[in-house]
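Letter by letter, the chains look like this.
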Amino acid sequence: MDALIADHVSKRYSGGDRGKLALQDVDLSIPKGCLFAFLGRNGAGKTTFIKIAATLLVPTHGEVRLFGHDVVREPERVRPLIALVPQEGKPFYHLTPREHVYEYLRVRGATRESALTRTEEILHAMGLMGVANEPNLRLSGGMQQRALVATILATEAPFLFLDEPTLGMDPFARRQVWEVIRRAARKGSTVLLTTHYLDEAEQLSDELAVIDGGKVLYRGTAEKLKLTLGREVRLQFSGGFTSEELREFGRVFSDRNRLTLLTTRAQVRSLTEMALERGSEVVVGPVTLEEAFLELVGKGIEEDEA
Amino acid sequence: MSIASQLRAAGHICYFNGIIPLWRSPLLIAAVFLTPFSFLFFLRVISTPELFKFGVVGGILFTVLFTGNGMLNDCAYLRLERQLQQIFVASPVRPLSYILGMALSELAFTLPALALFLGILFVVVPFGAAVFVALVGIVLLTWLMATSLGFLISTFFRQLREIWPIGTLVFSLLAVLPPLFYPASRIPSGFQWVAFLAPSTFSAQLAEAVLGLNQGSALSPAWLNDPWFDLAGLVGATVLFGATAVYLARWREP
Ligand SMILES: Nc1ncnc2c1ncn2[C@@H]1O[C@H](COP(=O)(O)OP(=O)(O)OP(=O)(O)O)[C@@H](O)[C@H]1O
Ligand SMILES: [Mg+2]
């Protein structure tokens, strides 16, 4: 069964650019219990979609159903089923993380006992025990973000919207959050998250959608995205080639003193031989999700510019 | 959630947004005291004991009305700076519970000041239990009116810095200019009705009537003196602002 169904959703902001749609005819379904990632460049429309689905924003056209309920017409049926980490949200600064989690659970109607247990559990799982009784205003930015994410994840709501939940977190903290998010999904929650960390999307999501200019460009697994592009191998050269030379074999990215080429399997042999002849060091590997993303969205940008 | 749960939600919001900050930074109380107390001090120095009584009533109402300014700033701050209103929208909490919880926390900030002013009032105009209950009623209605208005205004802005001057402007117009600290009869006759364009005038007239302060100084036209007119005006304004806040409030962005 699908937890979320979006049907021809478009959004034009009332105060915004007249001609521009923040979302264009988005169709999407997210199965129950799925961990779904939303990827896209800044301004692609990720937050707009999340706000519409989380009953925060009215769409211009189309409808979104959450567990069968229309988010516009039946918000009071949808709201008890959802919880949301807003993009760049900040916790109440005078509360401690422990109070923050507990009080929010109580506001949402949890009993004292269940709120207490869930609070301690989540503080532990998110590595917040050491600062649980410090007011948020004395915590570092990443710690405050953890307190906010902990607050939302503790709700165990059937549908969790997480808009850039790991923003500003260190690599250890991010992994802790991943684990808690995975556990929420295992317990049956459906999760829709956005992130600009492609490794995170790859590690965490069952499925993902790439959105650009308000349109869904791809929807499927990370693995398939890497394969469908037709360039499934990445070669990294240190010296020996110019990027012009490599461009005829595929997409080229240059960084510092290396050139990265995304290309097809068929080209690998001849290119590595050329590299050996020229004394260039070459590393061969599979494309990363980040590269597949750059390839997919980059194509769109080139088409627009052409 | 049931009505009881919604009320409990409001209580929790009041606790963590009002009581805890107050407990951690008691200096916040001083901020509430400062302005009405300065007014009162001036009045004590420059006016008669008879007029000072009006000043104390004014101090009480000023304090209550500025819960509206606090509401305006706090709600805007939580929504725009911290993105926190979103976590309450995307939850079983109803707009009314959120508004009530926030309004209660604003009231919590002013309770110490209100208690002090009521104490002073009791010294200058001794009153009985019935009058006390009536005063509490007036305070509560005025608080609901002011905080609804504050919330309502807050929802129409997208920038915190645009809000600061608006709040000060609106609530100063409500709390300083109208006859709160002075008797309405001091306004030139023929213009006295103008004062009633500010709903805070109803609160002041009602409180003064309950305390028996405005005897022998009638307003014209005569119906302006009727306490029932004041009560109807205050209740009307409260219902109007409250209902508009709940129904028009931008709980969901357009
Ligand atoms: N309140 C608003 N009024 C007008 N336009 C808006 C508003 N919010 C967003 N937009 C526009 O809608 C488009 C999509 O924005 P959105 O915030 O959904 O992007 P996003 O994918 O979440 O980007 P990011 O990764 O930067 O968070 C952008 O062009 C943005 O300028
Ligand atoms: Mg966003």
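Here the structure is a predicted model, which is why all the values come from computation and not from measurement.

Peer 1: Residue-level account of the overall build of chain B, with values.
Peer 2: Of the regular secondary structure elements, chain B holds 10 helices and zero strands. Element order for chain B, N to C, with α for helix and β for strand: α-α-α-α-α-α-α-α-α-α. Relative to its full complement of 254 residues, chain B shows a buried share of 53%. For chain B, the exposed area adds up to about 11,300 Å²; of that, 73% sits on carbon and sulfur atoms.

Peer 1: If you had to explain the environment of A:Q145 to someone new, which residues and values would you point to?
Peer 2: Residue and element names in this part refer to chain A. Structurally, Q145 can be placed in helix α5 (residues 141–153). Q145 gets classed as buried once you look at its relative accessible area, which sits at 8%. Along the chain, Q145 and L167 lie 22 residues apart, while their C-alpha atoms are 7.5 Å from each other. Ignoring any residue separated from it by four or fewer positions in sequence, one finds Q145 in contact with V85, G89, E164, P165, T166, L167 and M169.

Peer 1: Can you lay out the coordination of the magnesium ion (ligand 2) for me, pointing to particular residues and giving the numbers?
Peer 2: Geometrically, a metal with four donors at the corners of a regular tetrahedron has ideal angles of 109.5 degrees, and one with six donors at the corners of a regular octahedron has ideal angles of 90 or 180 degrees. Here the magnesium ion (ligand 2) is held by the protein donor atoms A:T47 (OG1) and A:Q87 (OE1), which lie 1.9 to 2.2 Å from it. In this pair, A:T47 sits in helix α1 (residues 46–53) while A:Q87 sits in the loop between β6 (82–85) and α3 (97–107), placing the two residues 40 residues apart along the sequence.

Peer 1: How would you sum up the site of ligand 1? Please name residues and give values.
Peer 2: Contacts to ligand 1 come from 16 residues, most closely from A:G43, A:K46, A:T47, A:T48 and B:R158. The separation between an oxygen atom of ligand 1 and a polar side-chain atom of A:K20 is 2.8 Å. In this structure, A:T48 approaches ligand 1 through a side-chain N or O atom, which is 2.5 Å from an oxygen atom. A total of 630 Å² of accessible area belongs to ligand 1 in isolation, and the protein chains cover 73% of it. Tallied by class, residues from the shell around ligand 1 come to three nonpolar, eight polar and five charged.

Peer 1: Tell me about the side chain of B:R82, and please be specific about residues and values.
Peer 2: Of note, B:R82 is situated in the loop between α3 (49–81) and α4 (85–89). Despite its burial, B:R82 pairs with no opposite charge, the nearest such side chain being B:E81 at 6.8 Å. In this structure B:R82 touches A:G89, A:K90, A:P91, A:F92, A:Y93 and B:Y77, once residues within four positions along its chain are discounted.

Peer 1: Please set out the sheet that holds strand β13 (residues 258–263) of chain A residue by residue, giving values where relevant.
Peer 2: Residues and elements named next belong to chain A. If you walk across this open sheet you meet the four strands as β12-β13-β11-β14, and the pairing is antiparallel. What marks the edges here is a single partner per strand, and that holds for β12 (251–255) and β14 (281–286). Averaged over all pairs of adjacent strands, the angle between their axes in this sheet comes to 20°, without regard to strand direction. Along the sheet, helix α10 (residues 265–277) makes contact with β11 (233–238), β13 and β14, crossing β11 at roughly 15°.

Peer 1: Before we move on, can you summarise the interface of chain B and chain A with the specific residues and values?
Peer 2: In this complex, chain B contributes 30 residues to the contact, which on the side of chain A involves 37 residues. Surface buried jointly by chain B and chain A totals about 3,100 Å² across both partners, of which 61% is contributed by carbon and sulfur atoms. When the area that chain B buries against chain A is broken down by residue, the three leading residues are B:R82, B:I87 and B:R252, summing to 23%. Connecting chain B to chain A are two salt bridges. Residues A:K51 and B:E253 are paired through a salt bridge, measuring 3.3 Å at the closest nitrogen-oxygen approach. Counting the contacts that link chain B with chain A gives 16 residue pairs in polar contact (both at pLDDT 80 or more). With 10 residues, helix α1 (residues 3–24) of chain B is the largest single contributor of residues to the side of chain B that touches chain A.

Peer 1: Which residues make up α5(A), and what values go with them?
Peer 2: A rise of 1.5 Å per residue sets the reference length of α5(A), with its 13 residues, at 18 Å; its end C-alpha atoms lie 18 Å apart and thus fit the reference within 8%. Here α5(A) lies mainly inside the structure; 11 of its 13 residues are buried. The inward-facing, buried residues of α5(A) contact β6, α3, α4 (112–125), β7 (159–163) and α6 (171–186) of chain A together with α4 of chain B.

Peer 1: Describe the packing of aromatic side chains, and please don't skip the residues or the numbers.
Peer 2: All names here are of chain A. Overall, the coordinates contain 24 aromatic pairs over all chains when judged by the stated rule. Consider the rings of F38 and F49, whose centres lie 5.3 Å apart with planes at 70°: the pair is edge-to-face. One end of the pair, F38, is in strand β3 (residues 35–39); the other, F49, is in helix α1, with 11 residues separating them in the sequence. By relative accessible area, which is 0% here, F38 ends up buried.

Peer 1: Which residues make up the pairing of β13(A), and what are the values?
Peer 2: All names here are of chain A. Of all the six residues making up β13, five are buried; the element is thus mostly covered by neighbouring parts of the structure. By the bridge criterion, five bridges tie β12 to β13 in an arrangement that is antiparallel. Counterpart to R251 in the pairing with β13 is L262. Where β12 folds back onto β13 in an antiparallel hairpin, the turn is made up of two residues, including R256, whose phi is positive at roughly 45°.

Peer 1: Residues and numbers for the environment of A:D163, please.
Peer 2: All names here are of chain A. Topologically, D163 is positioned in strand β7. In this structure the C-alpha to C-alpha distance between D163 and K46, which are 117 residues apart in sequence, comes to 8.3 Å. Look past the residues within four positions of D163 in its chain and what remains in contact with it is T47, I50, V85, P86, Q87 and T194. Within the local environment of D163, its side chain forms a polar contact with the side chain of T47, the two groups lying 2.8 Å apart.

Scoring rules and cut-offs
- Residues numbered from 1 in each chain as written.
- Chains lettered and ligands numbered in written order.
- Predicted model: local features only at pLDDT ≥ 70, side-chain atom pairs only at ≥ 80, totals over all residues.
- Heavy atoms only, no water.
- Helix = DSSP H or I, 4+ residues; strand = E, 2+ residues; numbered from the N terminus.
- Buried < 20%, exposed > 50% of the residue type's maximum accessible area, 1.4 Å probe, protein only.
- Areas by Shrake-Rupley, 256 points an atom, 1.4 Å probe, with all protein chains shown as cover.
- Contact = heavy atoms within 4.5 Å.
- Donors = N, O, S within 2.8 Å, 3.2 Å for Na, K, Ca; no water.
- Near = heavy atom within 4 Å.
- Polar contact = N/O pair within 3.5 Å; in protein donor to acceptor, adjacent residues only side chain to side chain.
- Nonpolar A, V, L, I, M, F, W, Y, C, P; charged D, E, K, R; others polar.
- Lys, Arg positive; Asp, Glu negative; His and termini not counted.
- Salt bridge = Lys/Arg side-chain N within 4 Å of Asp/Glu carboxyl O.
- Pairing = 2+ DSSP bridges.
- Axes fitted to C-alpha atoms, helices over the stretch in contact; angles between N-to-C directions.
- Buried area = accessible area lost by both parts, 1.4 Å probe.
- Expected span 1.5 Å × (residues − 1).
- Phe/Tyr/Trp six-rings, centres within 6.5 Å; stacked < 30°, edge-to-face > 60°.

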